[in-house]
Amino acid sequence: MRHFLLFTVFIFFLFSCDSDSGSITIIPEGEGPQEEQPMEEENTGNENPVEEPNGGEEGAASEFDDGTFRNLSAFDFTADMKTGWNIGNSLDAEGPDETFWGNPRITKAMIDAVAARGFKTLRIPVTWRFHQGPAPDYTVEEAWLDRVEEVVNYARANNMYAIVNVHHDDTWIIPTAAETAEVSDRLGKLWTQIANRFRKYSDYVIFETLNEPRHENTPNEWNGGTAEGRAAVNQYHQVSLDAIRATGGNNILRQIMISTYAASTLPVAMDALIIPNDDPRTLISLHSYFPFPFTLEGTDQTWGSTDDKTQLTMEMNRIKAKFTDNGKAVVLGEWSSGNQNNLADRLEHASFYAEAAAERGFASVWWDNGNSGVSNDGLAIFNRNNLTWPFGNIADAIIEPNN
């Protein structure tokens, strides 16, 4: 958003297996052959398979991240992510620099302030196309990877979760059958480079394969897409996850967020989502600006009636019934509301929304685009220029249900 199988097969995918000995070879960074370890017994329960983290073996990822992995279930993981905040319209700006859309350069002081307010997760949207070279290698500029890692370290210095994604790259991530081969090649090589950069990081670093994958400027862009488009999106998730897992190290067990078509909560989009390899270390990524006329369109400035609350409750229950009740943890990676000089209504909506999400075990991440002015695009609750909170009451209201 600019502002919006079996277990054995899974084990085969995660590790490089010797078909003669039935053993698993995990090769961390460093030289020399590694000792083979016997394959674990099949895990028939609902917990994720337990493996030793590679962080300690490889050394710390950075001075702020020791590479430690915890054996958390997906639901415990999202519960610990709690409430998050998007640093939107910065590294995801559709231009060569993070200030291209008018926001100041991200600083550690900004993220310190966000963490101090009580946010536990930082979602870092990233656009890569202005920093990625041509085929066949599609090499990402080292300086851009350095900058993304620097911002991740701002989060880790505050013990926050950091979500790194592929954001406003929809101009080339086109979900059509004609484009799938070229897109898959480029996307796989992109995620290989991102994953290698963060290979040593702890499970506090999360990858989100795609933001709102969709065919831009088409009739079904925001209506769940077409069957062809949804199939292409599933393929792009598969390619991305395969590339990430293949880099080894901590990426073998890293949590990866997988989105529906356009990150939509429409039934047609949710029903079509296929989790690559039935990978248990995946989280469902959804964006729910609900109701749209109030949150983004700017055509309804009021919210809080009994019917309003009933409709939002039904939206949350649809998500829960589809995913949570079927064993998949959910991250509402984007939600917010525009400033229409309607603070009381925005506050009522934010409080009800955050509580409803927390009650169902969803992690939720407020979309902040840096603009707090009066407009349907005025989604900011934090002023990045002077590190103040013009809508601190909204911030506190959405953090409170997880405290």
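Being a predicted model, the structure only gives us computed values, none of them experimental. (Residues numbered from 1 in each chain as written. Predicted model: local features only at pLDDT ≥ 70, side-chain atom pairs only at ≥ 80, totals over all residues. Heavy atoms only, no water.)

### What about the overall build of the protein?
Next up, step 1: Of the regular secondary structure elements, the protein holds twelve helices and eleven strands.
Next up, step 2: Taking all 403 residues of the protein together, 55% fall into the buried category.
Next up, step 3: Accessible area of the protein: about 15800 Å², with a carbon and sulfur share of 50%. (Helix = DSSP H or I, 4+ residues; strand = E, 2+ residues; numbered from the N terminus. Buried < 20%, exposed > 50% of the residue type's maximum accessible area, 1.4 Å probe, protein only. Areas by Shrake-Rupley, 256 points an atom, 1.4 Å probe, with all protein chains shown as cover.)

### Details of the side chain of asparagine 211
Next up, step 1: You can see asparagine 211 is positioned in the loop between β7 (205-208) and α7 (227-246).
Next up, step 2: A polar atom in the side chain of asparagine 211 sits 2.8 Å from the side chain of arginine 123. (Polar contact = N/O pair within 3.5 Å; in protein donor to acceptor, adjacent residues only side chain to side chain.)

### Details of the nonpolar core
Next up, step 1: In terms of nonpolar packing, the biggest core is built from 77 residues, with Phe119, Trp128, Ile381 and Ile398 touching the most fellow members.
Next up, step 2: Element by element, the count of residues in this core is highest for helix α5 (residues 142-157), at seven residues.
Next up, step 3: Residues within four places of phenylalanine 119 in sequence aside, it is in contact with Thr83, Gly84, Trp85, Val114, Met160, Ile381, Trp389, Ala395, Ile398 and Ile399.
Next up, step 4: Membership of the second largest hydrophobic core comes to 13 residues, among which are Met81, Tyr204, Leu283 and Val365. (Core = buried A, V, L, I, M, F, W, Y, C linked by side-chain atoms within 4.5 Å. Contact = heavy atoms within 4.5 Å.)

### Things to note about the sheet that holds strand β5 (residues 121-124)
Next up, step 1: Pairing within the closed barrel is parallel, and its eight strands lie in the order β4-β5-β6-β7-β8-β9-β10-β11. Between one strand axis and the next, the sheet turns by 25 degrees as a mean value, whatever way the strands run.
Next up, step 2: When strand β6 (residues 161-165) meets β7, the two strands line up parallel, connected through four bridges. Bridging from a neighbouring strand, alanine 162 pairs with valine 205 of β7.
Next up, step 3: The sheet strands contacting α5 are β5, β6 and β7, and the helix crosses β6 at an angle near 155 degrees. (Pairing = 2+ DSSP bridges. Axes fitted to C-alpha atoms, helices over the stretch in contact; angles between N-to-C directions.)

### Remarks on the packing of helix α11 (residues 343-359) against helix α12 (residues 392-399)
Next up, step 1: Closest axis-to-axis distance for the α11/α12 pair is 8 Å, and the angle between their directions is 20 degrees. Regarding the angle of α11 to α12, the classification is roughly parallel. Where α11 crosses over α12, the handedness of that crossing is right-handed. The segment α11 lies against α12, with Leu343, Arg346, Leu347, Ala350, Ser351 and Ala354 engaging Asn393, Ile394, Ala397 and Ile398.
Next up, step 2: Of the residues that constitute the contact of α11 with α12, the class distribution is seven nonpolar, two polar and one charged. (Parallel < 35°, antiparallel > 145°, perpendicular 65-115°, else oblique. Left-handed = near helix turned anticlockwise from the far one by under 90°. Nonpolar A, V, L, I, M, F, W, Y, C, P; charged D, E, K, R; others polar.)

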